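Structural features, examined
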There are 2 protein chains.
Amino acid sequence: MGENDDSDIIEHHVEEEMEKRGTRSHAASSSSFPESVSPSDREGHSSTQSSHRLLAYSDALISIIATVMILPVAHTKVEDNEELRESVQQLLTTKIAVYLMTFLIVTVAWAAHIRLFQVIVRIDDCLALLNLACMMLITFLPYTFSLMATFPQKILGILLFCGCVMVIGVIQSVIVLYAFSRPFLLNEQIQISENQTFYKHHILKVIMRVPLMCLFASIFSVIFFQLSYVLLAIVIFLPYISQFLKWCRSKAIGQVEETPDSMQFYTFLPNEPLTKERVEAFSDGVYAIVATLLILDICEDNVPDPTVVKEQFGGSLVAALQVYGPEYLAYFGSFATVGLLWFVHHSLFLHVTKTTRFMGLLNTFSLAFVGGLPLAYQLTHEFPRNSHNELEAIQISCVIIFFAGIFQLTIWVVALYNEQETLHPYVRLLVRVGLALLRKIFCPDRPDPRTVVEEEDDETRVPFNALVT
Amino acid sequence: MGENDDSDIIEHHVEEEMEKRGTRSHAASSSSFPESVSPSDREGHSSTQSSHRLLAYSDALISIIATVMILPVAHTKVEDNEELRESVQQLLTTKIAVYLMTFLIVTVAWAAHIRLFQVIVRIDDCLALLNLACMMLITFLPYTFSLMATFPQKILGILLFCGCVMVIGVIQSVIVLYAFSRPFLLNEQIQISENQTFYKHHILKVIMRVPLMCLFASIFSVIFFQLSYVLLAIVIFLPYISQFLKWCRSKAIGQVEETPDSMQFYTFLPNEPLTKERVEAFSDGVYAIVATLLILDICEDNVPDPTVVKEQFGGSLVAALQVYGPEYLAYFGSFATVGLLWFVHHSLFLHVTKTTRFMGLLNTFSLAFVGGLPLAYQLTHEFPRNSHNELEAIQISCVIIFFAGIFQLTIWVVALYNEQETLHPYVRLLVRVGLALLRKIFCPDRPDPRTVVEEEDDETRVPFNALVT
């Protein structure tokens, strides 16, 4: 009887797998966005709502918080005094580390948020308020990181951070329990599935893993605080580490078969889907803030005092403003750079139909470098006369733009690699044609180009055939 | 022959009017969002794209810029010195005026942007880049305002402002000309219409009106600069003034018939539609920034210096952080307040199917007060000991929250007033039932409730009947 049940479950899972494929290809052909906001959804239960706007607001909040920590870095005054410089540079390094760590942590929280709301597709008032409470704690995380970086020997920062993460975990668990007690809020695939309890337990287990680790970290911090930093680092990279270990094992032992009851949510596989619209919304938020950070400073600091204008510049406002010339240039330069990087991102995501976790990670890295741009431009206009430092500032700018661009390119390469799932059909066709032309030009003597195709890109041949037939 | 042509055109317009009604009711029943991002659209012309993401990015930029000018206000230090206080208060008043003017100007630019991209529903790379150039100039507007407010006697601020607005106008005209030369980028209603040229000229005329006024203002500023301020004020309120004059005339002379060739776009009528999704996106941006402005300050200023902690607090970090206690409270307080105001806004717009220009204006006023919240909370935590000033700060907070709420209520009242167009059917039904119950309770003796309905709300009776039948 037990065996029967198992095989039933497996059969059921296979069926679901098939359904998923069906809906996934459907989702690939039509964006999932329109479905989530169609008013027919809203009218299903008068008290439930499409989660679209709640998610947009959360994305806006998280993107601001992720980018904000560049401000203390950009506002650090670089002194011309040689003695002070070293301590300032050390401070700068600390602050840059805080910025990068915050960006990473906040995007990890954001990815968990996406994952949660891929399962819960509709909300009601109670869920909206729980989500706002969760957001409040996420926006407090950067401050705990500042404390940790400034006082690495004190445990207060760690305790605050762990406390926030634990409360966030508890709120998320409450959200999951609440949503599973009202199944009409859930994703259709889970809603129609028979073993909701299995899904519920799996999701709760994944969510509670991080707060539990934080609990251990906070306990260890009292005894031996270095260990809790290691634990926190493990928490962040947990999914990647376990994925990497699994991959190593599969390479060492041989191709380990995927377990048949693998599900689409909370898998932590690199090709687990991330809602494309949310990745776009988050990126838009980061680009928008980075583009406007400099005008924010200009508006606050670069309006000269009327008395100064009268005394020092003989009442000539134009002369007084000429002092700020480099800052205006820096503003327009950074706005144009960020605008063009946004434009590339926009064009890239136009041709992508589905984003995976791995692409989301690459996008995060690209955005972390974009967030560093205001710093680079601040440096550029701070050293207008001292040519050595100016060169340094321009080098930093170039490195930042280079890495932001490289990660965007990597997203494109990954999309090409998984092209069947992630690219629009006509882009696939264009890529095929382009590759064929390149082959014609560079290897015109090869007797049979088909063998080349088979040797070089084995995976990509299948979609080509599928496309042609 | 001329008469024939005219009647042809009028007939055509009537036909279009009918079509518009049809599509409008369709747009009311199904949100316009899903249509704009459906991938079938994208594949129509491979070089054209849905404008959805460009607009989301523009909304993010504009909402940041609109809210940013509250920062100089919030960062003004209020001295305890009685002599200095007066000059500080004057400075504060100037800065608050700059904030409100910027908010108004930027939202006027944003409304013009919405209007433009209600006509142009698809974009290509060229339009995207032109739009980015336009955004760059819009984000520079707050700075010109700061200059104007700090140096009201100098004409540089006016000239810069007028220059920006003129260039924006020219770019917008180029966008319109470009889009009309590629009709597949246009709104379907204009695309199928026969007199595109009429539409083009009408839109260009409306767009160029503002830059022309600015040209006059900048010319007058050289001669007599007070006049140019008056001109600029007229520019901003032009649509409302002309609308008010028209309304006065219609009341004085009698009901003036609408011209038959009135169109849905660029009418400046209070019930001209504004894309609901963009109003939501803009509001989300403003709420998100306001909610995070305080944590931004906390992260930058409230991390104590390690040496200070060692010397003044005997190495106790907790004691050092207790000094900042009121600021953490202010942060959580403002986040919760803004979160709840967002929640009300979210619930309100869930039940609204279409936003009009007038509702957009009310929403702007509400958001302008929401943007003042960080200032109020900054004041609250700056006067923790001096009871008189604390009372003042709490009064300011209450007034701000009151006005933000009142304007939200007004949006709801306006939506109820135009309920047939703007409300979801089931909300209309609920409102009817509620009103009927109130009537039963308060006037139970009336012989015929139908007469009451006819007397009291003449316009709203029709939808009720339409709903019942």
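Residues numbered from 1 in each chain as written. Chains lettered and ligands numbered in written order. Predicted model: local features only at pLDDT ≥ 70, side-chain atom pairs only at ≥ 80, totals over all residues. Heavy atoms only, no water.

**So, the overall build of chain A**
For chain A, the count of helices and strands is 22 helices and 4 strands. Residues classed as buried in chain A amount to 51% of the 469 residues present. In chain A, the share of contacts with a sequence separation of at least 24, taken over all contacts with a separation of at least 6, comes to 77%. (Helix = DSSP H or I, 4+ residues; strand = E, 2+ residues; numbered from the N terminus. Buried < 20%, exposed > 50% of the residue type's maximum accessible area, 1.4 Å probe, protein only. Contact = heavy atoms within 4.5 Å.)

**Looking at the UniProt feature "transmembrane region" (unreviewed entry) in chain A**
All names here are of chain A. Sequence positions flagged by UniProt for "transmembrane region" (unreviewed entry) are, in local numbering, residues 54–76, 96–114, 126–149, 155–180, 210–241, 328–349, 361–381 and 393–417. In residues 126–149, helix accounts for 100% and strand for 0%; the two terminal C-alpha atoms are 36 Å from one another. Secondary structure across residues 393–417 divides into 100% helix and 0% strand, with the first and last C-alpha atoms of the span separated by 36 Å. (UniProt positions renumbered as here; feature names shortened; annotations may be inferred.)

**Concerning the nonpolar core**
Within the largest apolar cluster, 242 residues are counted, with the highest numbers of intra-cluster contacts made by Y57, I120 and Y143 of chain A together with Y57, I120 and Y143 of chain B. If we ignore the near neighbours within four places in the chain, the residues touching I120 of chain A are L127, I175, A179, L185 and L186 of chain A. (Core = buried A, V, L, I, M, F, W, Y, C linked by side-chain atoms within 4.5 Å.)

**Some details on the relation of the copies chain A and chain B**
Of the transformation placing chain A onto chain B, the axial shift is 0.0 Å and the rotation is 180°, giving an RMSD of 0.1 Å. Seen this way, the second copy is the image of the first under a two-fold rotation axis. Of the residues that chain A buries at the interface, 100% are likewise interface residues in chain B, meaning the two copies contact each other through the same surface. (Least-squares fit on C-alpha atoms with pLDDT ≥ 70 in both.)

**Overview of helix α20 (residues 425–442) of chain B**
Residues and elements named next belong to chain B. Between its first and last C-alpha atoms α20 spans 26 Å; for 18 residues at 1.5 Å apiece the expected length is 26 Å, and the two agree. When α20 is considered as a whole, its buried residues turn out to be V427, R428, V431, R432 and R439. Buried residues of α20, viewed axially, fall in a sector of 140°; they line one side. Away from its buried face, by an angle of more than 90 degrees, α20 presents the exposed residues L430, L437, K440 and I441. (Expected span 1.5 Å × (residues − 1). Arc of directions from axis to C-beta.)

**Quick look at the interface of chain A and chain B**
In this complex, chain A contributes 85 residues to the contact, which on the side of chain B involves 85 residues. Together, the buried faces of chain A and chain B total about 7,400 Å²; carbon and sulfur atoms form 75% of this surface. Per-residue buried area on chain A facing chain B is highest for R53, Y57 and Y143 of chain A; these three make up 12% of the total on that side. Our count for the contact surface shared by chain A and chain B stands at 2 salt bridges. One salt bridge in this structure joins D284 of chain B and R53 of chain A, with 2.9 Å as the shortest N-O distance. Linking chain A with chain B are 8 residue pairs in polar contact (both at pLDDT 80 or more), by the criterion used here. (Buried area = accessible area lost by both parts, 1.4 Å probe. Salt bridge = Lys/Arg side-chain N within 4 Å of Asp/Glu carboxyl O. Polar contact = N/O pair within 3.5 Å; in protein donor to acceptor, adjacent residues only side chain to side chain.)

**Remarks on the packing of helix α10 (residues 196–223) of chain A against helix α11 (residues 225–253) of chain A**
Residue and element names in this part refer to chain A. One can describe the packing of α10 onto α11 by two numbers: an axis separation of 7 Å at closest approach and a directional angle of 165°. Judged on the interaxial angle alone, α11 and α10 are roughly antiparallel. In the packing of α10 onto α11, the handedness of the crossing is left-handed. From α10, R209, V210, M213, C214, F216, A217, F220, S221 and I223 reach across to α11, where they touch F225, L227, S228, L231, L232, I234, V235 and L238. Its residues placed into classes, the contact of α10 with α11 shows 14 nonpolar, 2 polar and 1 charged. (Axes fitted to C-alpha atoms, helices over the stretch in contact; angles between N-to-C directions. Parallel < 35°, antiparallel > 145°, perpendicular 65-115°, else oblique. Left-handed = near helix turned anticlockwise from the far one by under 90°. Nonpolar A, V, L, I, M, F, W, Y, C, P; charged D, E, K, R; others polar.)

**So, the packing of aromatic side chains**
A complete count under the given rule lists 32 aromatic pairs over all chains for this structure. Both rings, one in F198 of chain A and one in Y199 of chain A, keep their centres 5.9 Å apart while their planes meet at 70°; by these two values the pair is edge-to-face. A residue is classified by how much of its surface remains accessible, and Y199 of chain A, at 2% relative accessible area, is buried. Ring centres of F369 of chain A and F407 of chain A lie 6.0 Å apart, and the angle between their planes is 20°; on these two criteria the pair is classed as stacked. Linking F369 of chain A in helix α16 (residues 357–371) with F407 of chain A in helix α18 (residues 387–417), this pair joins segments that are 38 residues apart in sequence. An aromatic cluster is defined as three or more aromatic residues linked by ring pairs; in this entry it consists of F140 and Y143 of chain A together with Y328, Y331, F332 and F335 of chain B. (Phe/Tyr/Trp six-rings, centres within 6.5 Å; stacked < 30°, edge-to-face > 60°.)

**Some words on the side chain of E280 of chain A**
Considering the arrangement of structural elements, one finds E280 of chain A in helix α12 (residues 276–301). By relative accessible area, E280 of chain A is classed as buried at 8%. In this structure, E280 of chain A is in contact with F349 of chain A together with R53 of chain B, ignoring residues within four places of it in sequence.

**A closer look at the packing of helix α12 (residues 276–301) of chain B against helix α15 (residues 325–350) of chain B**
The description of two helices packed together rests on the angle between their axes and the distance between the axes. Residues and elements named next belong to chain B. At a closest axis distance of 8 Å, the pairing of α12 and α15 adopts a crossing angle of 175°. One element, α12, and the other, α15, form an angle in the roughly antiparallel class. In this structure, α12 uses K276, V279, E280, S283, D284, Y287, V290, A291, L294, I295 and I298 to contact α15, whose residues at the interface are E327, Y328, A330, Y331, S334, F335, V338, L341, W342, H345 and F349. Here the residues of the contact of α12 with α15 are counted per class, giving 15 nonpolar, 3 polar and 4 charged.

**Concerning the state of the cysteines**
Residue and element names in this part refer to chain B. Throughout the structure, instances matching the rule amount to 0 disulfides over all chains. Among the cysteines around C126, which has no disulfide bond, C134 carries the closest sulfur, lying 13 Å off. Relative accessible area serves as the criterion here: at 33%, C126 is assigned to the partly exposed category. (Disulfide = S-S within 2.5 Å.)

**Description of α12 of chain A**
Residues and elements named next belong to chain A. Between its terminal C-alpha atoms α12 stretches 38 Å, which fits the 38 Å expected from 26 residues at 1.5 Å a residue. The sharpest bend along α12 comes to roughly 35°, located at T292. Counting buried positions over the 26 residues of α12 gives 23, a clear majority of the element. (Bend = angle between axes of the 7 residues up to and from the residue.)

**Some thoughts on the side chain of N363 of chain A**
Residue and element names in this part refer to chain A. Mapped onto the fold, N363 is located in helix α16. Within the structure, N363 has its side chain in polar contact with the side chain of H345 (distance 2.9 Å). Aside from chain neighbours lying at most four places away, what touches N363 is V279, S283, H345 and I411.

**Quick notes on the environment of Q378 of chain B**
Summarising the element assignment, Q378 of chain B is placed in helix α17 (residues 373–382). On the basis of relative accessible area, Q378 of chain B is assigned to the buried category, the value being 9%.

**Brief notes about the environment of T94 of chain A**
Assignment of secondary structure puts T94 of chain A in helix α6 (residues 82–119). Taking C-alpha positions, T94 of chain A is 24 Å from L238 of chain A, a pair spaced 144 residues apart along the chain.

**Re the confidence of the model for chain A**
Residues and elements named next belong to chain A. For chain A, per-residue confidence averages 73 on the pLDDT scale, and 75% of positions sit at 70 or higher. Confidence, expressed as mean pLDDT per element, reaches its minimum in chain A at helix α22 (residues 458–468) with 36 and its maximum at helix α8 (residues 156–181) with 89. The low-confidence segment residues 257–262 (pLDDT under 50) makes 7 contacts with residues lying over four places distant or belonging to another chain. Overall fold confidence (pTM) sits at 0.77, and the ipTM for the predicted complex is 0.76. (pLDDT = per-residue confidence, 0-100.)

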